Amino acid sequence: MKRTLLILLAVVTTGTAHAQEASDYYTITSIAAPEGVVVEGGAIEFLPDGKVAVCSRRGQVWTIENAREHPDKAAKWTLFAEYLHEPLGLAWRDGWLYAVQRPEVTRMKDLDGDGRADLFESVSTTVGTSGNYHEYNFGSTFDKDGYLWSVHCLTGSFTSNAPFRGWVMRTSPDGKTTPVACGVRSPGGIGFNAKGDAFYTDNQGAWNGSSSLKWLKPGSFQGNPNGNVWFEYANGAIGVRPPEPPYTGEGSRTVIERENIPSYVPPAVVLPHGKVGNSPTGIAADLSQGKFGPFAGQMFVGEQTHSKIHRVFLEKVNGVYQGAMFPFLEGFESGNIAVRLGEDGVMFTSGSNRGWGARGGKAWNFERIDWTGKVPFEIHEMRARADGFELTFTEPIDKTSAVAESFTMEAYTYIYQKAYGSPEVDQVTPEITVVSVAEDGKSLRLKIEPLTIGHVHELHAAGLKSANANPLLHDVAYYTLNEIPE
Amino acid sequence: MIVDIRPIFSVFLGAVLAVVSGPSADAEPPEWSGSPDIAITIKTLPGMMRYDSAEIEAAPGAKVKLTLDNPDDLQHNLVLLKPDAEDKDGQKFSQEVWQLGDKGIELGWVPTDHPRILVASKLLDPESSEDLYFVAPENAGDYPFVCTVPGHSMLMKGILKVQKPGAVLEDLNYSIYEGKWSKLPDFSTLTPVKTGKLKDGLIDLGVAQKIKGPVGIVFEGKLRVENEEDVRFYLASDDGSRLIVDGEGIIDADGIHPVTDPIEAREHLLEGVHTVRVPYFDAGGQRGLSLSIRSKSFGLSVLSTDITDRKAKSATPKPILLTPKNGEAIVHRAFITDASPRAIAVGYPGGVNLVWDADRMNLVQLWRGGFLDVAPHWTGRGSSSSFAGFDRVHLGSGVPVQVLKSLDEPWRPLSRGHIKYQRDTAEPQAEIEFDLPEPGYHFSGYQLDAKNRYPTFRYLYNDEIEVEETFQPDTIDGSEALVRTIHLSGKVAADSYFRIASGPKLSTNDSEWIDADKLLIKLEGSKPIVRSIGSQSELIAALDSAADNSTLTITYRWKTKVGGKKN
């Protein structure tokens, strides 16, 4: 045992000698706000004139010039609107800036050209509010068909006391709002993957053993039954009320309830609670085609408590989304809520620690993330295969390090229950075999025995090295296996 | 709430630090669990990510029963730590715990064998509590406590102050008087209905518990000062009180008022025994009386059982006042007391403020003076904004337009839905009641004018009639006033009425002004009708069903002049 430890230590030490720093690849730059201004960012949108809009939990909407230019160019802030009620969604369309706020979906326009909005139109009041602080409303940008998606938190951790609390709605270009999914607990953000399918993040708690990224398949039930009472008011928009998951003391498993509840869609990517974060938030797909580095087409997910941003690789297997979460960046100044990535390859995040503490330590942040042009050595994709996983890499690997001893894996799941959260349960330690390594050293196949449906497969690749003898910048991946491909 | 944070004993245990309850939830309560020296309750504040106490106290060696009560909807714990000069508020320790990751989850975020932990609760689920028992350390000092759930400690933290018990009042006697006063009377000329002695040496309004309604009490005791020194006194009460030391009035908190921030006074006291006399009266309603002292040798000592003022002070965020500036109105969407969650508050320059309800499409409240304190809204997870002004009047909360077959027909109530459903709560089958959209009404939004950013509210009535409301602040005879114009673009049905006010006592006299509580209301464009339905009175106006459009102009003014609050 001692011997193993020594060897491990040696590996780590060698690694440190060539240590990569995340900041070699991505820089985080704080964008200074005007003096006295508090920007508790709830959502960020890009405007057609090149400005960046950010709305704050305190109700202000700022438009910022030069935020997307060279970071050295001073940003110019204009107060577009203020005194909205905790807006957590911002979307631009046809000359209007839409905000999803507590009482309604609102759209705003500056009629007299002084940079401040004068006209505030109520677009949708379909979702009720009981006046509880917990009833957060998050909004997306417009989707490819012109719909604005909004996701509505329950009244508390356990109740739905106003119409459509715990539901997801879609507002059409002509202002009609219809339910699109149910079963939400406590969302932190909503957005789209590169393909344009909608996703949201949901926080650990009742019926959520862990926080996760969830796929908003139209008509789906997302797992928390407390809001299902509103089927009576949904006019069949998403079919009939699904059967309830069991309320019994010992709880169930998502993989079991998928059989019992046809419309239930399991979490696409579990973000293991406590390990990688506590409170996932905003979602951004990388549509920059390489301007933001090697992860084009993948997704990024904000993390409020740990002041981080995760990276997510998604794939659809047997009609269900699943995939892997990788650590990406940490060290933000406050609790990231909004995350937005432009086609120009500039990412922004903003948030706060108000009421929900965050590692960053500052009350709020507005920060910009740029790719330095250097490619970090990372697991690029992790795909499920019939007998294991296929990993691809951003850099060719040292083939001699592609041995079973370089990897470890634990698989586990969570109890699906009405109680708050869940420990990791049903642990499995599979055996790992390296089946093959690609000629170009950019991918390899792992055989995993057994693969367990419904489990997070947590892979550590501490021993793997690049052809340049670097260890992975992040040597861990968490793959949620909902389906096994043929 | 802390019931009593003072040791109720004065015997020191000579033992060194003894922790009798480890972090394990299975630890047996000690033999003395039924009779601790001090019982402290710390609550989590729902939605605030805070404990309700940032500072608690215990004497060295005191047997402490600490109850952690978690009414919040998140899991929390409480870990009491040994002091560390490098980590005075336990943040470093918390960071260390977070780094445990997986292991931390298993441990309920309490690394039991960590040398800094004195005592720790288990990870409490929402709506649960736990009693912890421990003996306070012998060494005086500040012992930090934190919630170690990742992300919580930055806000969920506090200090256990271990210090020698402070001063008490010796030979503390009380005399109770019956009578109704608006200022402290000369109690020496009155005959008490009851007298007695307080053994704990703490001023306690509980002595007059049985007397409901107005009461007067005089407390008199002795304060022993070992070394000549400066002593600060803090007095707060509801209603009036005074602090008299050695026959000399030190603090005057006389008159009828709620508990305010404590009034402070400094006194140089010589070595020896000093008399402390506190006359107090309550004219009705809530009672409160707290007296504290602070000095080098006493530390901070509370000389009363009532410490509500100090608690209230530590839990209330600093005000953040919204004040209309540059001649522009503020149109603020927020939760507002006594209005629906979709209400909109508007503050105009000049001190006229209103709430227009975007659920009911009607003006529901008016007040004058300051606009809003949004600290409760912009602090923690956010609750209702507080009114910063005065003379607030409710104008009712119904929908604005209705067809009445006769003037006896009541205004219809708001649309409410009722539903029963299986929930995860203690009352799974409880019925919930909720707002439903008012049929035919659709809120369209508001527009701010270019000059003053005064809002025009717009909505649809009967699914098709566009209604616009504008407001213009004004001054009439030196009093704040507001002119409201309502324009309906479309024909209304026969017997349609607009409701202007309901609830306040309304009365008409010969003047054009209708008397409405603190307001006077004048109507143009229709004849005002004041009617009584049950105990309610209502001011309504008939709309002209023959006209293509209707316009009503309503002027509201306060009866008393600006600055005439007390009149």
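Everything here concerns the structure above.
Reading the values: the criteria
- Residues numbered from 1 in each chain as written.
- Chains lettered and ligands numbered in written order.
- Predicted model: local features only at pLDDT ≥ 70, side-chain atom pairs only at ≥ 80, totals over all residues.
- Helix = DSSP H or I, 4+ residues; strand = E, 2+ residues; numbered from the N terminus.
- Buried ≥ 20, exposed ≤ 12 C-beta atoms within 10 Å, placed from the backbone.
- Contact = placed C-beta atoms within 7 Å.
- Nonpolar A, V, L, I, M, F, W, Y, C, P; charged D, E, K, R; others polar.
- Pairing = 2+ DSSP bridges.
- Axes fitted to C-alpha atoms, helices over the stretch in contact; angles between N-to-C directions.
- Core = buried A, V, L, I, M, F, W, Y, C linked by C-beta atoms within 7 Å.
- Arc of directions from axis to C-beta.

**A closer look at the overall build of chain B**
Item 1. Each helix and strand in chain B was counted, giving four helices and 39 strands.
Item 2. Among the 567 residues that make up chain B, the fraction classed as buried is 43%.
Item 3. By sequence separation, contacts in chain B at least 24 residues apart represent 65% of the contacts at least 6 residues apart.

**Some words on the overall build of chain A**
Item 1. When helices and strands are counted, chain A shows two helices and 33 strands.
Item 2. Burial analysis of chain A (486 residues in total) assigns 58% to the buried set.
Item 3. The contacts in chain A between residues at least 6 apart in sequence include a share of 60% that link residues at least 24 apart.

**Quick word on unusual backbone geometry**
Item 1. Put simply, E449(A) and P450(A) share a cis peptide bond, and its omega is -5 degrees.
Item 2. Relative to the elements of secondary structure, P450(A) occurs in the loop between β31 (443-449) and β32 (455-460).
Item 3. Note that the residue after D238(B), namely D239(B), is joined by a cis bond; omega there is 5 degrees.
Item 4. Topologically, D239(B) is positioned in the loop between β13 (229-238) and β14 (241-245).
Item 5. Here the phi dihedral of Y83(A) falls at roughly 65 degrees; this positive angle occurs in a residue that is not glycine.
Item 6. You can see Y83(A) is positioned in the loop between β5 (76-81) and β6 (90-93).
Item 7. Y83(A) gets classed as buried once you count the C-beta atoms within 10 Å, which come to 20.

**As for the interface of chain A and chain B**
Item 1. In this assembly, 45 residues from chain A lie in contact with 48 residues from chain B.
Item 2. For the side of chain A that touches chain B, a count of residues per class yields 15 nonpolar, 21 polar and nine charged.
Item 3. Of the strand pairs in this sheet, strand β9 (residues 119-124) of chain A and strand β29 (residues 442-448) of chain B are connected by three bridges, and their pairing is antiparallel. Directly across from L119(A), in β29(B), lies its bridge partner Q447(B).

**Concerning the sheet that holds strand β23 (residues 336-341) of chain A**
All names here are of chain A.
Item 1. One open sheet holds the four strands; their spatial order is β1-β25-β24-β23, and the pairing between them is antiparallel. A single partner strand is all that each edge strand has here, and the edge strands are β1 (26-30) and β23. Shown here is a sheet whose adjacent strand axes are inclined to one another by a mean of 20 degrees, direction ignored.
Item 2. When β1 meets strand β25 (residues 364-371), the two strands line up antiparallel, connected through five bridges. Pairing of Y26 across the sheet is with W371, part of β25.

**Digging into the environment of T560(B)**
Item 1. As for its placement among the helices and strands, T560(B) is situated in the segment after β39 (549-558).
Item 2. Sequence separation between T560(B) and K518(B) is 42 residues, and the spatial gap between their C-alpha atoms is 7.9 Å.

**Quick notes on the sheet that holds strand β18 (residues 269-270) of chain A**
Residue and element names in this part refer to chain A.
Item 1. The strand order across the open sheet formed by four strands is β14-β15-β16-β18, and the pairing between neighbours is antiparallel. In this open sheet, the two edge strands, each paired with only one partner strand, are β14 (187-192) and β18.
Item 2. In this sheet, strand β16 (residues 212-215) lies alongside strand β15 (residues 198-202) in antiparallel orientation, the contact comprising four bridges. Following the sheet pairing, F199 is matched in β16 by W215.

**Section: the pairing of β25(A)**
Residues and elements named next belong to chain A.
Item 1. Counting buried residues along β25, six of its eight residues qualify, which places the element largely inside the surrounding structure.
Item 2. Relative to β25, strand β24 (residues 347-352) runs antiparallel, the two being bridged by six bridges. Note that in β25 the partner of G351 across the bridge is N365.

**What about the nonpolar core?**
Item 1. Counting residues in hydrophobic clusters, the biggest one holds 189 residues, and the most contacted among them are V54(A) and I521(B).
Item 2. By size, the runner-up hydrophobic cluster in this structure holds 45 residues, among which are W98(B), W109(B), V110(B) and Y143(B).

**Section: helix α1 (residues 91-98) of chain B**
Residues and elements named next belong to chain B.
Item 1. Along α1, the positions that sit buried rather than exposed are F93, S94, V97 and W98. Looking straight down α1, one finds its buried side chains confined to an arc of 140 degrees; they lie on one side.
Item 2. In this fold, the buried residues of α1 make contact with β5 (79-81), α2 (102-106) and β8 (141-146).

Keep in mind these numbers describe shape, not what the thing actually does.
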